[in-house]
Amino acid sequence: MNKEIMLNKENLATLSKQIPIPTFDRKSLKAGIVHVGVGGFHRAHEAYYTHLLQEKEGVSDWGICGIGLRKGDQKIHDVLQKQDGLYTLIIKHPDGKIDSQVIGSIIDFKLGHDTPDLVIDQMVHPDTKIVSLTITEGGYNFNSSTGEFDFENTDVQHELQHPNSPRTIYGFLTAAIKKRRASSLSPFTVMSCDNIEHNGDVTRKMLLAFANRQDKELAAYIEKEVCFPNSMVDRITPVTTPSDIEYLESTYGLKDEWPVTCEPFIQWVIEDNFSNGRPEFEKVGVQFVPDVKPYEKMKLRLLNAGHSVLGLLGAIHGHPTINACMEDEVFVTYLRAFMDQEATPVLDQLEGIDLTAYKDSLQERFANPNIKDSVSRICSESSAKLPKFLIATIQDNIANGGSITYATLVIAAWCYYSDKGIDKNGNAIEIIDAMQEQLHEAASKTETDPLAFIRQESLFGNLINEDKFTNLYSEMVQKIYADNDIKKLMKQA
Ligand code: CS2
């Protein structure tokens, strides 16, 4: 068998015989975008759109410098450095067709925990016009129930004392904005690409809260000069598996240590609100709109919440993937009932959007049998996701007198999942959550205090005082604990 060819810039010409490679001039690219959080999603979404724009227009101002702020980012840094920023995007269609191509928009990578000064310098560089973020829902450091900045965070406390050794995104952004200002450079745009309602407004509010404690004058400058566009981002991007790496080796003789897989669907709706110029992303299908809020709410409350509904119920039933859930009629019916009867009635008016078609398309996307998106990815960090994706819908329906049955069963399933960590067949479930210990501790009191889990105010706010919710939840959670037959309860809902 032939030896595989390593993915790097020297080998691109040889590889071009097997697989599409970047055809634009990567050497002349400047890092106009500094991106924090180079996970699979960024590589399937913003970096892909940026690649498409290069392919189409060959503009040299908009390459990407990746940044990792956490120790865990070392691996992606090492892989991308070794591969000269190149990686393969594997797009998996529902009919089994697979399109793979090498993406070339990432041109550099720096690590914040290792070399904070280099990260700040990169953000301060005159070429930098946008700092974009995919730092996950939990990375924004706000209290879910109050929406206020969490000053208790020890990293935040450290950087407030030591502004020159930042640790969180807020320390880095303030240090960089301050330096740019001192050098009379225009500020960059801060562009959040995370699944948070009003993601730009939230980033702005949190950064201002932090900056106000650190340097009030700088905070006033940020408030006046820095733009934070809100955006809705969408592309289902499962965790890369060893079989994806093997697929590239056996199909193309290509050795890529960390490719990305995703679905064909892609969407980015963003407000045209930039401090210092922007790429002409509209040329590659990005929608610029005056107000993105209705779109984000629709996506978070239907797609992301729908994922969590399937993920948590699927996890305790024993379905390994989202598409396995969608092969199960009980799950499909349940998902649609949740979307139609609970999520849709509390969405805002959306002109020109056919919600029925949107929900139909979500069902098709979830059912894509080649994506194999694990329920464990969906359930990971539920404590940061559910308050916005699902609990907000329960709260809105309580206020409106609407149905809360479908969403409440999911909360009861989340309690059981956090407590027992096993599925119906007794198999252990891998739980990944920054609040894992607290969740487990609260959930484990359920047998003596059925409402223990929902007493966690930072997640559930004042729902504990809503009898409609507590009565239903209490009944459901006790039924799950009695025999863990989630499908029976789903059918009864
Ligand atoms: C998922 C999202 O993390 C989750 O729970 O719902 O990652 C989802 O796949 C993306 O937002 C799709 O755009």
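Calculation criteria
- Residues numbered from 1 in each chain as written.
- Predicted model: local features only at pLDDT ≥ 70, side-chain atom pairs only at ≥ 80, totals over all residues.
- Heavy atoms only, no water.
- Helix = DSSP H or I, 4+ residues; strand = E, 2+ residues; numbered from the N terminus.
- Rg over C-alpha atoms; globule rule 2.2 N^0.38 Å.
- Buried < 20%, exposed > 50% of the residue type's maximum accessible area, 1.4 Å probe, protein only.
- Areas by Shrake-Rupley, 256 points an atom, 1.4 Å probe, with all protein chains shown as cover.
- Lys, Arg positive; Asp, Glu negative; His and termini not counted.
- Charge placed at Lys NZ, Arg CZ, Asp CG, Glu CD.
- Pairing = 2+ DSSP bridges.
- Axes fitted to C-alpha atoms, helices over the stretch in contact; angles between N-to-C directions.
- Domains from an automatic or database assignment.
- Contact = heavy atoms within 4.5 Å.
- Buried area = accessible area lost by both parts, 1.4 Å probe.
- Salt bridge = Lys/Arg side-chain N within 4 Å of Asp/Glu carboxyl O.
- Expected span 1.5 Å × (residues − 1).
- Phe/Tyr/Trp six-rings, centres within 6.5 Å; stacked < 30°, edge-to-face > 60°.
- Parallel < 35°, antiparallel > 145°, perpendicular 65-115°, else oblique.
- Left-handed = near helix turned anticlockwise from the far one by under 90°.
- 1 Å grid on protein atoms, 1.4 Å probe; cavity = no way out; pocket = protein on both sides within 12 Å on 5 of 7 lines; lining within 4 Å.
- Points joined across faces, edges and corners; volume = space filled by probe spheres on them.
- Nonpolar A, V, L, I, M, F, W, Y, C, P; charged D, E, K, R; others polar.

*Asks:* Help me out: how do you make sense of the overall build of the protein in this one?
*Replies:* What the protein contains, in helices and strands, is 21 helices and 13 strands. Over its C-alpha atoms the protein spans a radius of gyration of 23 Å, differing by no more than 12% from the 23 Å that the globule rule assigns to 493 residues. When the backbone C-alpha atoms are referred to their principal axes, the protein occupies close to 65 × 65 × 45 Å. Classification of the 493 residues of the protein by burial places 57% in the buried group. For the protein, the exposed surface amounts to about 19800 Å²; the carbon and sulfur share of it is 47%. The protein carries 50 positive and 70 negative side-chain charges, and their two centres are separated by 3 Å.

*Asks:* It is not clear to me how the sheet that holds strand β2 (residues 33-36) should be interpreted in this structure. Could you clarify?
*Replies:* The strands making up a sheet are joined through hydrogen bonds of the backbone, oriented either antiparallel or parallel. Read across the sheet, five strands follow the order β6-β3-β2-β7-β8 without closing on themselves; strand pairing throughout is parallel. Pairing within the sheet leaves two strands with one partner each, and these edge strands are β6 (106-111) and β8 (189-192). Neighbour to neighbour, the strand axes of the sheet diverge by 25° on average, direction disregarded. Sheet analysis places β2 next to strand β7 (residues 130-133), joined by four bridges and oriented parallel. Directly across from Val-34, in β7, lies its bridge partner Val-131.

*Asks:* Sorry if this is basic, but what is going on with the domain arrangement of the protein here?
*Replies:* Often, the extent of an interface is quoted as the loss of accessible area upon association of its parts. Under the domain assignment used here, the protein contains domain 1 (5-289) and domain 2 (293-492). For domain 1 and domain 2, the distance between their C-alpha centroids amounts to 29 Å. Contacts between the two partners involve 34 residues from domain 1 and, on the opposite side, 30 residues from domain 2. Surface buried jointly by domain 1 and domain 2 totals about 2500 Å² across both partners, of which 59% is contributed by carbon and sulfur atoms. Sorting the residues of domain 1 by area buried against domain 2 places Glu-197, Met-232 and Ile-236 first, and these three jointly supply 24% of that buried surface. For the pair domain 1 and domain 2, the number of links is three salt bridges. Its salt-bridge partner being Arg-365, residue Glu-263 comes within 2.5 Å of it at the nearest N-O pair.

*Asks:* Teacher, can you tell me more about helix α17 (residues 405-420) here?
*Replies:* Residue pairs spaced three or four apart in an α-helix point in one direction, given the helix's 3.6 residues per turn. The end-to-end C-alpha separation of α17 is 23 Å, in line with the 22 Å expected for 16 residues at 1.5 Å each. Among the 16 residues of α17, 14 are classified as buried, and the element is accordingly described as predominantly covered. The positive-phi residue at the C-terminal boundary of α17 is Gly-421, with phi of around 60°.

*Asks:* Would you mind going over the pairing of strand β4 (residues 87-92) with me for this structure?
*Replies:* In summary, the side chains of a regular strand alternate between the two faces of the sheet. Counting buried positions along β4 yields six of six residues, so the element is predominantly enclosed. Covered by surrounding structure in β4 are Tyr-87, Leu-89 and Ile-91 together with Thr-88, Ile-90 and Lys-92, the residues of both alternating faces. Taken together, the six bridges between β4 and strand β5 (residues 98-103) define a ladder with antiparallel strand orientation. By the bridge assignment for β5, Leu-89 is matched with Gln-101.

*Asks:* Sorry, what's going on with the side chain of Glu-137 here?
*Replies:* With respect to the helices and strands, the residue Glu-137 is situated in the loop between β7 and α6 (154-161). For Glu-137, which is buried and forms no salt bridge, the nearest opposite charge comes from Lys-385, at a distance of 5.5 Å. Beyond its immediate sequence surroundings of up to four residues, Glu-137 is in contact with Phe-142, Asp-194, Asn-195, Ile-196, Ala-384, Lys-385 and Phe-389.

*Asks:* Just to check I follow, could you spell out the packing of aromatic side chains for this structure?
*Replies:* In this description, an aromatic ring pair is defined by two values, namely the gap between the centres and the angle between the planes. One pass over the structure, following the stated rule, counts 14 aromatic pairs. With a centroid separation of 5.6 Å and 40° between ring planes, the pair formed by Tyr-49 and Trp-268 is classed as tilted. Of this pair, Tyr-49 sits in helix α3 (residues 46-57) while Trp-268 sits in strand β12 (residues 267-271), and the two are 219 residues apart along the sequence. Exposure remark for Trp-268: the relative accessible area of 1% places this residue in the buried category. Both rings, one in Phe-149 and one in Phe-151, keep their centres 4.8 Å apart while their planes meet at 65°; by these two values the pair is edge-to-face. Since its relative accessible area comes to 8%, Phe-149 is described here as buried. What makes Phe-151 buried here is its relative accessible area of 19%.

*Asks:* What exactly am I supposed to notice about the packing of helix α16 (residues 382-400) against α17 here?
*Replies:* For any two helices packed against each other, one specifies the crossing angle of their axes together with the interaxial distance. Orientation of α16 relative to α17, taken along the N-to-C sense of each, is 155°, at an axis distance of 10 Å. As judged from the angle between their axes, α16 and α17 are roughly antiparallel. Like other packed secondary-structure pairs, α16 and α17 cross with a definite hand, here left-handed. Here Ser-382, Ser-383, Leu-386, Leu-390, Ile-391 and Ile-394 of α16 lie close against α17, whose contacting residues are Ala-407, Thr-408, Val-410, Ile-411 and Trp-414.

*Asks:* Even after reading the chapter, I still don't get empty space enclosed by the protein, so can you show me in this structure?
*Replies:* Gaps left between atoms show up when a probe the size of a water molecule is rolled over them. Inspection of every chain in the model, using the stated rule, returns two cavities of 30 Å³ or more. When contributions to the lining of the largest cavity are tallied by element, the ones reaching two or more residues are β9 (231-234) and α11 (293-317). Grouping the constituent residues of the lining of the largest cavity by class yields four nonpolar, three polar and three charged. Both domain 1 (5-289) and domain 2 (293-492) contribute no fewer than three residues apiece to the lining of the largest cavity.

*Asks:* Teacher, can you tell me more about the sheet that holds β4 here?
*Replies:* Taken in spatial order, the three strands line up as β5-β4-β11 in an open sheet, and their pairing is mixed. Each edge of the open sheet carries a strand with a single partner, namely β5 and β11 (260-262). On average, adjacent strands in this sheet sit at an angle of 20° to one another, irrespective of strand direction. Relative to β11, β4 runs parallel, the two being bridged by three bridges. Bridged to Ile-90 within β11 is Thr-261. Contacts between helix α10 (residues 242-252) and the sheet are confined to β4, β5 and β11, with β4 contributing the most and set at about 95° to the helix.

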